[in-house]
Amino acid sequence: MSDMNNPKVAVVTGAGSGIGRAVALELAGAGWSVALAGRRAEALEETAALAGQGAEGAEAPKETAALAANGAELLTVPTDVTDPADVAALFSAVRDRFGRVDLLFNNAGTFGAPGPLEDLAYEDWRTVVDVNLNGAFLCAQAAFRAMKDQSPQGGRIINNGSISAHVPRPHSIAYTATKHAMTGLTKSLSLDGRPYNIACGQIDIGNAATEMTGRMQTGILQANGELAVEPVMDAADVARTVLHMAALPLEANIQFATVMATAMPYIGRG
């Protein structure tokens, strides 16, 4: 839990919808100052509005500062995580506004177009890799640099993995490959961050009710070739798990956590 008189500062990517929005709201509700990052400015403003606030004004043409209902400060920064200049601008804006970065929830991601491997266009593969892996690296690197250089030194990075970091779905090679790579990113960040009091963990999420998982509730391809409806959980359940991971002292770390709809076909998948 953040000290309301000295709130900790979080950066949440993909904060305009889904898991990112739920986590941003949970952190703000717990007293964190939160920088909301994502491609769509309007969606970020909607997330800020859901925190029960009204905009105070603009710090720069792209960035809008506001207050949550409990006084936690919010900063919306439209960002394309695949663009190194955009990512650098995001973390510069956060440091200018708040002075430090205590948490990165590295969440922005895309599933891509599902379909047979042999029909996957290189452009579609590249899009998923650029967002899920390259974007995650760029944000992690920028957060790492900030956490290493600030005083007091340190912070925490939480990467959004997936059940697909463990087992694939049919027709998901790009998404599955990037989520397996996310696990390697998490482990390397954990090791390289030790000298600087930077902790890194990963939350592997299954079937949270978001725009991305809408197909789960109408029928999705299974390993045996059948279509089946799958159970989903509330995204708020994921957000509470992220908050728990974030609230630990830096001397403790949840390295990997899996949170999923209890009855989804993960245990025994395939």
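Each remark here, short or long, concerns the structure printed above.
This text gives an overview of the structure that appears in the document. (Residues numbered from 1 in each chain as written. Predicted model: local features only at pLDDT ≥ 70, side-chain atom pairs only at ≥ 80, totals over all residues. Heavy atoms only, no water.)

### Some words on the pairing of strand S11 (residues 256-260)
For a regular strand, the rule is simple: side chains alternate between the two faces of the sheet.
Turning to step 1, where the next piece is worked out: Residues of S11 alternate between two faces, with Ala257 and Val259 buried on one and Phe256, Thr258 and Met260 left unburied on the opposite face.
Turning to step 2, where the next piece is worked out: Strand direction decides the pairing type here: strand S8 (residues 198-206) and S11, joined by five bridges, are parallel. Counterpart to Ile203 in the pairing with S11 is Ala257. (Buried < 20%, exposed > 50% of the residue type's maximum accessible area, 1.4 Å probe, protein only. Helix = DSSP H or I, 4+ residues; strand = E, 2+ residues; numbered from the N terminus. Pairing = 2+ DSSP bridges.)

### Overview of helix H1 (residues 18-29)
Turning to step 1, where the next piece is worked out: Between its first and last C-alpha atoms H1 spans 17 Å; for 12 residues at 1.5 Å apiece the expected length is 16 Å, and the two agree.
Turning to step 2, where the next piece is worked out: Within H1, nine of the 12 residues are buried, which leaves the element mostly enclosed by the surrounding structure.
Turning to step 3, where the next piece is worked out: Every buried residue belonging to H1 is among Gly18, Ile19, Gly20, Arg21, Ala22, Val23, Ala24, Leu27 and Ala28, and all of these are buried.
Turning to step 4, where the next piece is worked out: One or two steps after H1, the chain reaches Gly31, where phi turns positive at roughly 95 degrees. (Expected span 1.5 Å × (residues − 1).)

### Overview of the nonpolar core
Turning to step 1, where the next piece is worked out: The biggest cluster of nonpolar side chains holds 37 residues, and the ones touching the most others in it are Leu27, Trp32, Val34, Ile203 and Val238.
Turning to step 2, where the next piece is worked out: Contributions of two or more residues to this core are made by strand S1 (9-13), H1, strand S2 (33-38), helix H2 (41-50), strand S6 (103-106), S8, helix H6 (235-247) and S11.
Turning to step 3, where the next piece is worked out: Tallying contributions element by element places H6 first for this core, with seven residues.
Turning to step 4, where the next piece is worked out: If we skip the residues at most four places from it in the chain, Val34 touches Ala10, Val12, Ala24, Leu27, Ala28, Glu73, Leu74 and Leu75. (Core = buried A, V, L, I, M, F, W, Y, C linked by side-chain atoms within 4.5 Å. Contact = heavy atoms within 4.5 Å.)

### Topic: the packing of aromatic side chains
Turning to step 1, where the next piece is worked out: Per the stated rule, a full pass over the model turns up two aromatic pairs.
Turning to step 2, where the next piece is worked out: Here Phe111 and Tyr175 contribute two aromatic rings whose centre-to-centre distance is 4.8 Å and whose plane-to-plane angle is 40 degrees, an arrangement assigned as tilted. Taken together, the residues span a long stretch of sequence, with Phe111 in the loop between S6 and helix H4 (122-149) and Tyr175 in helix H5 (residues 173-193) at a distance of 64 residues. Judged on exposure class, the residue Phe111 and its partner Tyr175 are both buried.
Turning to step 3, where the next piece is worked out: Between Phe144 and Tyr196, the ring centres sit 5.9 Å apart and the planes meet at 80 degrees, which makes this aromatic pair edge-to-face. Here Tyr196 lies in the loop between H5 and S8 and Phe144 lies in helix H4, a separation of 52 residues in the sequence. (Phe/Tyr/Trp six-rings, centres within 6.5 Å; stacked < 30°, edge-to-face > 60°.)

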